[in-house]
Number of protein chains: 2
Amino acid sequence: MEKKIITISREFGSGGRYIGRQIAAKLGIAFYDKDIILKTAEETGLSEEFIEKKGEYSPAKSIFSYAFVGRDSTGISLDDYLYTAQRKVILEIAEKGPCVIVGRCADYILRERTDCVHVFIHGDQRVKLERICALYQKTEAGALKLMKDTDKKRSINYRYNTDQEWGNAQNYTMTLNSSVLGYEKCARLIMEAAD
Amino acid sequence: MEKKIITISREFGSGGRYIGRQIAAKLGIAFYDKDIILKTAEETGLSEEFIEKKGEYSPAKSIFSYAFVGRDSTGISLDDYLYTAQRKVILEIAEKGPCVIVGRCADYILRERTDCVHVFIHGDQRVKLERICALYQKTEAGALKLMKDTDKKRSINYRYNTDQEWGNAQNYTMTLNSSVLGYEKCARLIMEAAD
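Residues numbered from 1 in each chain as written. Chains lettered and ligands numbered in written order. Predicted model: local features only at pLDDT ≥ 70, side-chain atom pairs only at ≥ 80, totals over all residues. Heavy atoms only, no water.

1. Examining the overall build of chain A
When you go through chain A residue by residue, the secondary structure sums to 9 helices and 5 strands. If you list the helices and strands of chain A from N to C, you get β-α-β-α-α-α-β-α-β-α-α-β-α-α. On chain A, roughly 9,200 Å² of surface is accessible, and the fraction owed to carbon and sulfur atoms is 52%. (Helix = DSSP H or I, 4+ residues; strand = E, 2+ residues; numbered from the N terminus. Areas by Shrake-Rupley, 256 points an atom, 1.4 Å probe, with all protein chains shown as cover.)

2. A closer look at the relation of the copies chain B and chain A
Superposing chain B onto chain A requires a rotation of 180° together with a translation of 0.0 Å along the rotation axis, leaving an RMSD of 0.0 Å. The symmetry that links the two subunits is that of a two-fold axis. Both copies share a contact surface, since 100% of the interface residues of chain B are interface residues in chain A too. (Least-squares fit on C-alpha atoms with pLDDT ≥ 70 in both. Contact = heavy atoms within 4.5 Å.)

3. Regarding the environment of Phe12 of chain B
With respect to the element layout, Phe12 of chain B can be found in the loop between strand S1 (5–10) and helix H1 (16–27). Distance from Phe12 of chain B to Arg154 of chain B, taken between C-alpha atoms, is 9.1 Å for residues 142 residues apart in sequence.

4. What about the confidence of the model for chain A?
For chain A, per-residue confidence averages 87 on the pLDDT scale, and residues scoring 70 or more make up 89% of the total. Scored below 50 in pLDDT, residues 61–69 of chain A shows 10 contacts in the model against residues more than four places distant or in partner chains. (pLDDT = per-residue confidence, 0-100.)

5. Concerning unusual backbone geometry
Residue and element names in this part refer to chain B. Backbone geometry places Arg104, a non-glycine residue, at a positive phi of 60°. Structurally, Arg104 can be placed in the loop between strand S3 (99–102) and helix H5 (106–109). What makes Arg104 buried here is its relative accessible area of 5%. Here Cys105, not a glycine, exhibits a phi torsion of approximately 55°, which is positive. Among the structural elements, Cys105 can be located in the loop between S3 and H5. (Buried < 20%, exposed > 50% of the residue type's maximum accessible area, 1.4 Å probe, protein only.)

6. Re the side chain of Asp115 of chain B
Residues and elements named next belong to chain B. Structurally, the position occupied by Asp115 is in the loop between H5 and strand S4 (116–122). A relative accessible area of 13% means that Asp115 is categorised as buried. Only 2.9 Å separates the side chain of Asp115 from the side chain of Arg113, close enough to count as a polar contact. With residues near it in sequence (within four places) discarded, Asp115 still touches Lys3, Lys4 and Ile5. (Polar contact = N/O pair within 3.5 Å; in protein donor to acceptor, adjacent residues only side chain to side chain.)

7. Here we look at the pairing of S3 of chain B
Residue and element names in this part refer to chain B. Of the two faces of S3, both are covered, the one formed by Cys99 and Ile101 as well as the one formed by Val100 and Val102. Here S1 pairs with S3 via 4 bridges, running parallel. Looking at S3, one finds that Thr7 is bridged to Ile101. In the sheet, strand S2 (residues 30–32) pairs with S3 via 3 bridges, with the strands oriented parallel. By the bridge assignment, Ala30 is partnered in S3 with Cys99. (Pairing = 2+ DSSP bridges.)

8. Some thoughts on the packing of aromatic side chains
Scanning the model with the defined rule gives 8 aromatic pairs over all chains in all. Taking the centre distance of 5.4 Å and the plane angle of 40° together, the rings of Phe12 of chain B and Tyr136 of chain B count as tilted. Note that Phe12 of chain B is positioned in the loop between S1 and H1 and Tyr136 of chain B in helix H6 (residues 125–136), a separation of 124 residues in sequence. In this structure Phe12 of chain B comes out as buried when scored by relative accessible area, which is 10%. Within the aromatic cluster, the residues linked to one another by ring pairs are Phe120, Trp166 and Tyr172 of chain A. For Arg111 of chain A, the ring lying beneath its charged end belongs to Tyr108 of chain A, and the centroid distance is 3.8 Å. (Phe/Tyr/Trp six-rings, centres within 6.5 Å; stacked < 30°, edge-to-face > 60°. Lys NZ or Arg CZ within 6 Å of the ring centre and 35° of its normal.)

Encoded structure:
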């Protein structure tokens with residue numbers, strides 16, 4: 001494989017994590033998602049629950065609250081502390097060998113490396129809602145709220161940490177609509193891109 | 001081929017038109033680029049030069065000038081007249097059979113069809129500049145100006161006609177960085193997506 005690392009950013013409900021897991025299994029390479037949480041917990045002393053909640057979803061409020069989010073007496077906010085720790089974990093993971101990394105601004109953190117394929121997976125609302133309803137036992141209204149809230153938080157988190165727009169094609173090597181292409185074909189196309 | 005129509009939007013210098021032509025040749029299907037200009041000229045009575053200049057690049061000024069661009073006594077601007085005529089030509093082309101269509105908001109115009117793959121090709125500035133310098137005999141400064149001007153006009157034209165952001169992943173089935181992947185691989189990935 002010419003490109004050793006595949007980062008996957010994804011809209012909630014698009015199947016991006018599932019596609020990433022399929023690729024890692026087929027290629028026999030490491031898959032990092034929750035593992036990043038465990039490693040960051042070790043690094044920071046923060047609880048796994050806190051990192052899971054905030055790692056992709058902070059700052060939790062609007063862009064106007066950035067300056068006021070949990071800033072301690074050192075002038076470093078808890079959000080920035082967590083991002084810096086996650087960044088360190090992702091840089092270390094990338095040094096270890098071929099892998100798939102899901103979420104957590106990994107595309108941006110690893111942007112200087114030339115051995116990565118950075119992917120963004122999105123989808124059509126109807127298809128994503130069906131998946132969310134099935135996976136999380138939600139009503140359609142509940143699924144819609146969860147989807148919008150999650151994507152909004154991911155978008156704000158990405159913009160805050162990268163100064164780039166989440167979902168802008170220029171940030172990624174490849175973006176794919178999983179509702180049109182299907183999960184299996186998305187996995188094949190990503191592996192072909194990395195090959 | 002499951003998907004019959006491939007639309008290609010592209011950053012200037014990314015090789016998007018070249019990739020589209022390669023795909024059409026390999027698949028033995030029609031390739032529409034300048035042909036759309038000829039057909040639109042027949043439909044509208046406008047000159048080919050005018051359509052080439054304005055077809056992807058109007059309104060030529062800022063978004064604030066929309067309301068004031070060449071609006072005639074019927075209340076329809078020349079820009080809108082040209083877009084409507086190009087739209088009709090693209091809808092007719094799509095009915096004729098498998099093809100590749102470059103530019104002119106074809107992704108948006110054909111968005112209701114389920115037999116299309118909509119692609120956006122972008123690239124890294126350094127690689128695009130090299131291509132533009134070689135193809136158009138420009139200095140680097142000249143190439144940079146031409147690239148920025150052209151992409152800005154395409155972006156404004158797209159936003160004006162579609163109410164969407166040019167280069168936003170969600171508008172396309174697939175987006176690809178041709179500088180990272182190379183033109184040949186981009187062509188293969190698009191054909192695989194359409195297959």
